[in-house]
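Commentary on secondary and tertiary structure
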Amino acid sequence: MSNPDPSIADQQRRYREFLDLMPLTIALAGLPASDIGKYYTEEQMETRIFALRHAYKLARQFAREQISR
């Protein structure tokens, strides 16, 4: 059996890292859940995505700092 493509293995590793960091990311972003039956506007969604991206970068940085100690 041959080894899997390194790029696929790297992509899977990054995906697992993303999922592992998602609870911390959401907590750091501090975004409230939407009310049932209410939807966000496109602008509101973009603002929330911006907050999540920033929180993910911080969560990833924090995890790497803790691992490298």
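None of the values given here were measured: they were computed from a predicted structure. (Residues numbered from 1 in each chain as written. Predicted model: local features only at pLDDT ≥ 70, side-chain atom pairs only at ≥ 80, totals over all residues. Heavy atoms only, no water.)

**Some words on the overall build of the chain**
When its secondary structure is counted, the chain shows two helices and zero strands. Compactness check: the chain gives a C-alpha radius of gyration of 16 Å against a globular reference of 11 Å for 69 residues, more than 25% above the reference. Judged by the C-alpha coordinates and their principal axes, the chain covers about 50 × 35 × 20 Å. Classification of the 69 residues of the chain by burial places 12% in the buried group. (Helix = DSSP H or I, 4+ residues; strand = E, 2+ residues; numbered from the N terminus. Rg over C-alpha atoms; globule rule 2.2 N^0.38 Å. Buried < 20%, exposed > 50% of the residue type's maximum accessible area, 1.4 Å probe, protein only.)

**Thoughts on the packing of aromatic side chains**
Tallied over the entire structure, the rule returns one aromatic pair. On the basis of an interplanar angle of 55 degrees and a centroid distance of 5.5 Å, the ring pair of Phe18 and Tyr56 is categorised as tilted. Here Tyr56 lies in helix H2 (residues 42–67) and Phe18 lies in helix H1 (residues 6–29), a separation of 38 residues in the sequence. Residue Phe18 is classed as partly exposed on the basis of its relative accessible area of 34%. Judged by its relative accessible area of 17%, Tyr56 is buried. (Phe/Tyr/Trp six-rings, centres within 6.5 Å; stacked < 30°, edge-to-face > 60°.)

**A closer look at the pattern of salt bridges**
When charged atoms on two side chains of opposite charge get close, those side chains can pair. According to the stated counting rule, one finds five salt bridges in the structure shown. When the shortest N-O distance is used, the salt bridge between Glu17 and Arg13 registers 3.6 Å. Of this pair, Glu17 and Arg13 both sit in helix H1, four residues apart, which is roughly one turn of that helix. Assessed through its relative accessible area of 36%, Arg13 is described here as partly exposed. Bridged by salt links that share partners, the residues Asp10, Arg13, Arg14, Glu17, Arg60 and Arg64 form one connected network. (Salt bridge = Lys/Arg side-chain N within 4 Å of Asp/Glu carboxyl O.)

**Section: the side chain of Thr25**
Locating Thr25 in the fold gives a position in helix H1. A distance of 2.8 Å separates a polar side-chain atom of Thr25 from the backbone oxygen of Leu21. Non-local contacts of Thr25, meaning those with residues more than four positions away in its chain, are made with Leu52, Ala55, Tyr56 and Ala59. (Polar contact = N/O pair within 3.5 Å; in protein donor to acceptor, adjacent residues only side chain to side chain. Contact = heavy atoms within 4.5 Å.)

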